[in-house]
Amino acid sequence: MQVKIFDKTITLRDYYCQLDNYLPSPIEYPYINMYVLLTNKCNAKCKFCCNQNTKDIPFHMEKFQYVIQELSKHLNIRKVSFTGGEPTLHTETLGKCLHFIKETNPDIFTVINTNGTNIQEFIPLHNNINSIALSRHHYLDDVNQKIFNNPFVPTTEILKRFPHKEILHFSCNLMKSYIGNKEEVVHYLEEASKIGCTDIGFVSLMNVNDFCKDEFVDFKNLNFEQFEDVFVTKNWNNENKCRCRNYVYVAKNAEVVRVYARYYISSDYNGSNFVFDGENLRLGFNGEIIV
């Protein structure tokens, strides 16, 4: 599908991901998901991450607002995800962006991808946030802090006290040395349910360095479908780029936990993803500049 925006012709996806064994459905009206890089800087040093930047990038608020307004005229912006780096290092800018989006187009689904630094500062912003995608790679606080090499990521007690758990989502990277087998996955789900988070994502590492190769766990090899009290709800495939599965898990405390698992087959995963890098709008994280 081709659309013309900012005097450029952009090719977007023609079909949705394939659901179960059905043929993929055509996309009738063009839509995009958008990532916003508030900063390249991060206060963690995760071994699996390709971003080891310690310097900030400039963020042009007026350009961001212009991009949101113009895209909304020509496309359906389904989701805007704030990322980095660590976006919580700039909560004031984050708050301004969220407020502008909800004023301009309240139907846009807003997501914060974060390690949880300064999570308490999200409380007054929660009306403008649809989801906090909190990276939490182990259920034990000391192990989780070791993975991030960051003592400021939120502890179990802080998360238990967080008042808006309805928008809280845990994202856990599967790794052989940490959460990498059936027993550890179940333990993670049980501990998350005790915190009150019932929306969990497990993601296989992307092949960005030797650590990722050595620690790689393909979620399909964990055989989620054979776990006790786990039920498959959806099965998605996007050609040769990624595959996803949706499950529900019934915890021992009777909480129903939604589980999402993704495996990136290819790093070429632009599709209909736009990225505002603080200065320019791009097609994909490393794609051409649109405006």
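Coordinates for the structure precede this section.
Let me begin by describing the structure that accompanies this report. (Residues numbered from 1 in each chain as written. Predicted model: local features only at pLDDT ≥ 70, side-chain atom pairs only at ≥ 80, totals over all residues. Heavy atoms only, no water.)

This next bit is on a nonpolar patch on the surface. A cluster of nonpolar side chains, Phe231, Val250 and Val256, forms an exposed patch at the surface whose accessible area comes to about 240 Å². Its place among the elements puts valine 250 in strand 11 (residues 242-250). (Patch = residues over 30% accessible without salt bridge, like charges linked within 9 Å, V, L, I, M, F, W, Y side chains within 5 Å. Areas by Shrake-Rupley, 256 points an atom, 1.4 Å probe, with all protein chains shown as cover. Salt bridge = Lys/Arg side-chain N within 4 Å of Asp/Glu carboxyl O. Helix = DSSP H or I, 4+ residues; strand = E, 2+ residues; numbered from the N terminus.)

Relative to each other, helix 1 (residues 61-74) and helix 2 (residues 91-104) sit at 25°, their axes nearing to 11 Å. Here helix 1 lies roughly parallel to helix 2, going by the angle between them. Considering only the axes of helix 1 and helix 2, their crossing is right-handed. On the side of helix 1, the interface is formed by Met61, Phe64, Gln65, Ile68 and Gln69, while helix 2 contributes Thr93, Lys96, Cys97, Phe100, Ile101 and Thr104. Considering only residue class, the contact of helix 1 with helix 2 consists of six nonpolar, four polar and one charged. (Axes fitted to C-alpha atoms, helices over the stretch in contact; angles between N-to-C directions. Parallel < 35°, antiparallel > 145°, perpendicular 65-115°, else oblique. Left-handed = near helix turned anticlockwise from the far one by under 90°. Contact = heavy atoms within 4.5 Å. Nonpolar A, V, L, I, M, F, W, Y, C, P; charged D, E, K, R; others polar.)

Our next topic: unusual backbone geometry. That bond from glycine 84 to glycine 85 is cis: its omega, 15°, falls within 30 degrees of zero. Relative to the elements of secondary structure, glycine 85 occurs in the loop between strand 5 (76-83) and helix 2. Unlike most non-glycine residues, phenylalanine 6 shows phi in positive territory, near 50°. When you line up the elements, phenylalanine 6 lands in the loop between strand 1 (2-5) and strand 2 (8-11).

The next thing to look at is the pattern of salt bridges. Summed over all chains, the structure comprises eleven salt bridges. Note that lysine 252 and glutamate 190 form a salt bridge whose closest N and O atoms lie 4.0 Å from each other. Separated by 62 residues along the polypeptide, lysine 252 in the loop between strand 11 and strand 12 (256-264) and glutamate 190 in helix 5 (residues 182-195) bring together distant segments of the chain. The class of lysine 252 is exposed, set by a relative accessible area of 73%. Of the residues examined, glutamate 190 reaches a relative accessible area of 8% and is grouped as buried. For the salt bridge of aspartate 218 with lysine 220, the shortest nitrogen-to-oxygen distance reads 3.9 Å. Since its relative accessible area comes to 8%, aspartate 218 is described here as buried. Judged by its relative accessible area of 43%, lysine 220 is partly exposed. (Buried < 20%, exposed > 50% of the residue type's maximum accessible area, 1.4 Å probe, protein only.)

Moving on to the packing of aromatic side chains. Tallied over the entire structure, the rule returns eleven aromatic pairs. On the numbers, 5.9 Å between centres and 15° between planes, the contact of tyrosine 16 with tyrosine 31 is stacked. With a gap of 15 residues between them, tyrosine 16 in the loop between strand 2 and strand 3 (18-19) and tyrosine 31 in strand 4 (residues 31-37) connect regions that are remote in the sequence. Given a relative accessible area of 8%, tyrosine 31 falls into the buried group. The interplanar angle of 55° and the centroid separation of 5.8 Å between the aromatic rings of phenylalanine 64 and phenylalanine 276 together place this pair among those described as tilted. Taken as a pair, phenylalanine 64 in helix 1 and phenylalanine 276 in strand 13 (residues 273-276) lie far apart in primary sequence, 212 residues in all. (Phe/Tyr/Trp six-rings, centres within 6.5 Å; stacked < 30°, edge-to-face > 60°.)

A word on helix 1. Because the α-helix completes a turn every 3.6 residues, residues three or four places apart line up on one side. Spanning 14 residues, helix 1 covers 21 Å between terminal C-alpha atoms, matching the ideal 20 Å at 1.5 Å per step. Within helix 1 the residues assigned to the buried category are Met61, Phe64, Val67, Ile68, Glu70 and Leu71. (Expected span 1.5 Å × (residues − 1).)

The two faces of a sheet get side chains in turn, since along a regular strand they alternate between them. Most of strand 9 (residues 199-204) sits inside the fold, with five of its six residues counted as buried. Of the pairings in the sheet, the one linking strand 8 (residues 168-174) to strand 9 comprises five bridges and is parallel in character. Note that in strand 9 the partner of asparagine 173 across the bridge is valine 203. (Pairing = 2+ DSSP bridges.)

Right, let's get into the nonpolar core. If you look at the biggest cluster of nonpolar residues, it comprises 68 residues, and the most contacted ones within it are Met34, Phe64, Leu71, Phe82, Phe170, Phe202 and Phe274. Of the residues forming this core, the biggest block, six residues, is contributed by helix 5. Other than its neighbours up to four places away in sequence, methionine 34 contacts Phe64, Val67, Ile68, Leu71, Lys79, Val80, Ser81, Phe274, Phe276 and Leu281. Counting residues in hydrophobic clusters, the runner-up holds eleven residues, among them Ala44, Cys46, Phe148 and Met175. (Core = buried A, V, L, I, M, F, W, Y, C linked by side-chain atoms within 4.5 Å.)

Of all seven residues in strand 8, seven are buried; the element is thus mostly enclosed. Along strand 8, one buried face is formed by Leu168, Phe170, Cys172 and Leu174 and the opposite face, lined by His169, Ser171 and Asn173, is buried too. Bridging between strand 7 (residues 131-135) and strand 8 involves four bridges; their strand directions are parallel. Bridging across to strand 8, alanine 133 finds its partner in histidine 169. What joins strand 8 to strand 9 is helix 5, and the crossover it makes is right-handed. (Right-handed = clockwise from strand over helix to strand, strands pointing away.)

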